[in-house]
Amino acid sequence: MDTTKNREGDGQVMLVQSLPQFFELLNLSFEQLPDDLRRLFHGRGCCFPGLEQLTADWLQGQLLIGLFKEPSDEFLQQLIEGLRTFATTSLWQESKGLSIVIQHRARERSPIEVVIGEFNDFSVAQESGLKYQLELGKNQNMGLFLDMRYGRQWVEQHSAGKRVLNLFAYTCGFSVAAIAGGAEHVVNLDMAKSVLSRGRDNHRLNGHDLSKVTFLGHELFKSWGKVKKLGQYDLIIIDPPSFQKGSFALTKDYQKILRRLPDLLSENGEVLACVNSPEVSSDFLIDGMAAEAPALRFIERLENPPEFQEVDSDKGLKVMRFTY
């Protein structure tokens, strides 16, 4: 789970003269609007000068605009006026959109500003046929990381009959995908019991048998004994935050997890190791695994969804597959 994601563009100012490009791309996205929830505009990849702090997500009826830096008054005014104009177009009407909202990610508690329509802060959305409970306007993150779409699809396609360990489980998106793919059992671990409760709700939304799912609300580094007792695992997923105060620092603590893997994996077991910090490259995981768990061999890096275009691919999400 990535809760802090600093990008090269974070020091740059949002430019009013770049907004026409944003609205042009937004219109193009709505001409081929997906049925699922989806990122429509990804300024965070630094491919659109002057728009590095801007994102747009389609949440199946709600258009969520993310501002990752405090904009100038002029930029915000022009953005709101442009969104209100967009709401009068046939593209918006045909989408059956209910609301357009702006989330001010740079402000305390990341508040929501409603531009048009009626905002639903507790909505259910769908991805690849699976349902997820979203919660908007309370925290920075809505409950599902959209850039991990291909990762969840891979897990669903490769979980049949397997015992799965999902570390830093957050709202259990990987677990939902694994059970949907026929996993024998999934163990979810996250120190935040509230997000695991949401994960339980996500499984219920999809009609899953909860006897096949275990939820551990524990701090990982104090729980290795319990985790090992519930193993061995055919697939281990590691998707930590870049930093979690008092419990996890990426560059210091990831290696502690890697060195435990041989004791937890079954014969021919696989690992999906993820990192979403622009500060480290994919070599961080490849070299780290070679040093801490040399019995595991690097197989491939999964592709990221095309809507998450990056000027430098190593600045974006890295999802790396390893096996015995």
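Just so we're clear, the structure is a prediction, and the values are computed from it rather than from any experiment. (Residues numbered from 1 in each chain as written. Predicted model: local features only at pLDDT ≥ 70, side-chain atom pairs only at ≥ 80, totals over all residues. Heavy atoms only, no water.)

Chemist: Describe helix H5 (residues 173-180), with residues and values.
Modeler: Note that an α-helix has 3.6 residues per turn; residues three or four places apart therefore point the same way. For H5, a buried count of 7 out of 8 residues is recorded, marking the element as mostly surrounded by other parts of the structure. Buried within H5 we find Gly173, Phe174, Ser175, Val176, Ala177, Ala178 and Ile179. Looking one or two residues past H5, Gly182 carries a phi angle of roughly 95 degrees, positive in sign. (Buried < 20%, exposed > 50% of the residue type's maximum accessible area, 1.4 Å probe, protein only. Helix = DSSP H or I, 4+ residues; strand = E, 2+ residues; numbered from the N terminus.)

Chemist: Give me the lowdown on the packing of helix H1 (residues 19-31) against helix H2 (residues 73-86), citing residues and values where you can.
Modeler: Running from amino to carboxyl end, H1 crosses H2 at an angle of 25 degrees, the nearest separation of the two axes being 11 Å. Our classification of the angle between H1 and H2 gives roughly parallel. Crossing geometry of H1 relative to H2 is assigned as right-handed. Facing Leu19, Phe22, Phe23, Leu26, Asn27 and Phe30 of H1, the residues of H2 in contact are Phe75, Gln78, Leu79, Gly82, Leu83 and Phe86. (Axes fitted to C-alpha atoms, helices over the stretch in contact; angles between N-to-C directions. Parallel < 35°, antiparallel > 145°, perpendicular 65-115°, else oblique. Left-handed = near helix turned anticlockwise from the far one by under 90°. Contact = heavy atoms within 4.5 Å.)

Chemist: For the packing of helix H8 (residues 250-258) against helix H10 (residues 283-292), give the residues involved together with the corresponding values.
Modeler: At their nearest, the axes of H8 and H10 sit 9 Å apart, and the two run at 45 degrees to each other. In terms of their interaxial angle, H8 and H10 are classed as oblique. Remark: the crossing between H8 and H10 carries right-handed chirality. Residues Leu250, Thr251, Tyr254, Gln255 and Leu258 of H8 form the contact with H10, whose participating residues are Phe284, Leu285, Gly288, Met289 and Glu292. Across the contact of H8 with H10, the residue classes break down as 6 nonpolar, 3 polar and 1 charged. (Nonpolar A, V, L, I, M, F, W, Y, C, P; charged D, E, K, R; others polar.)

Chemist: Explain the sheet that holds strand S1 (residues 38-42) to me, using residue names and the numbers behind them.
Modeler: In spatial order, the strands read S1-S2-S3-S4-S5; together these 5 strands make up an open sheet with mixed pairing. Looking at which strands have only one partner, the edges of the open sheet turn out to be S1 and strand S5 (112-117). If you compare each strand with its neighbour and ignore which way they point, the axes differ by 20 degrees on average. Packing of H2 onto the sheet brings it into contact with strand S2 (54-58), strand S3 (62-67), strand S4 (99-104) and S5, and relative to S4 it is tilted by some 160 degrees. (Pairing = 2+ DSSP bridges.)

Chemist: Before we move on, could you go through the nonpolar core and cite the residues and values that matter?
Modeler: In terms of nonpolar packing, the biggest core is built from 36 residues, with Val155 and Leu272 touching the most fellow members. Elements with a minimum of two residues in this core: strand S7 (130-133), helix H4 (149-157), H5, strand S10 (213-216), strand S11 (233-238) and strand S14 (265-275). When residues of this core are assigned to their parent elements, the largest contribution, 5 residues, is made by H5. Apart from the residues within four sequence positions on either side, Val155 is in contact with Phe174, Ala177, Ala178, Leu235, Ile237 and Leu272. (Core = buried A, V, L, I, M, F, W, Y, C linked by side-chain atoms within 4.5 Å.)

Chemist: With reference to specific residues and values, describe the side chain of Ser110.
Modeler: Locating Ser110 in the fold gives a position in the loop between S4 and S5. In this structure Ser110 touches Gln103, His104, Arg105, Gly137, Asn139 and Gln140, once residues within four positions along its chain are discounted.

Chemist: Give a detailed account of the packing of aromatic side chains, specifying residues and quantitative values.
Modeler: As enumerated under the stated definition, the model contains 12 aromatic pairs in all. When the ring of Phe22 is compared with that of Phe23, the centres are 5.0 Å apart and the planes differ by 65 degrees; the resulting orientation is edge-to-face. Across this residue pair, the class does not change: Phe22 and Phe23 are buried. Geometrically, the ring pair formed by Phe41 and Phe48 is tilted, given 4.9 Å between the ring centres and 35 degrees between the ring planes. Comparing Phe41 with Phe48 shows no difference in burial state: the two are buried. Pairwise contacts between aromatic rings join Phe22, Phe23, Phe41 and Phe48 into one cluster. Residue placement shows Arg200 over the ring face of Phe215; its charged tip is 4.3 Å from the ring centre. Taking the ring centre of Phe221 as reference, the NZ or CZ of Lys256 above it sits at 5.7 Å. (Phe/Tyr/Trp six-rings, centres within 6.5 Å; stacked < 30°, edge-to-face > 60°. Lys NZ or Arg CZ within 6 Å of the ring centre and 35° of its normal.)

Chemist: So what's going on with the sheet that holds S10? Residues and values would help.
Modeler: Read across the open sheet, the 7 strands follow the order S10-S9-S8-S11-S14-S16-S15; overall the sheet is mixed. Only two strands of the sheet have a single partner each, and these edge strands are S10 and strand S15 (297-301). Averaged over all pairs of adjacent strands, the angle between strand axes in this sheet comes to 15 degrees, irrespective of strand direction.

Chemist: If you had to explain H1 to someone new, which residues and values would you point to?
Modeler: When the terminal C-alpha atoms of H1 are compared, their 19 Å separation across 13 residues agrees well with the 18 Å that a helix rising 1.5 Å per residue should span. Turning to H1, its buried residues number three or more, namely Leu19, Phe22, Phe23, Leu26, Ser29 and Phe30. Relative to the axis of H1, the buried residues are bounded by an arc of 115 degrees and lie together on one face. In H1, the exposed positions angled more than 90 degrees off the buried face are occupied by Pro20, Glu24 and Glu31. For H1, the secondary structure elements touched by its buried residues are S1, S2, S3, H2 and helix H3 (90-95). (Expected span 1.5 Å × (residues − 1). Arc of directions from axis to C-beta.)

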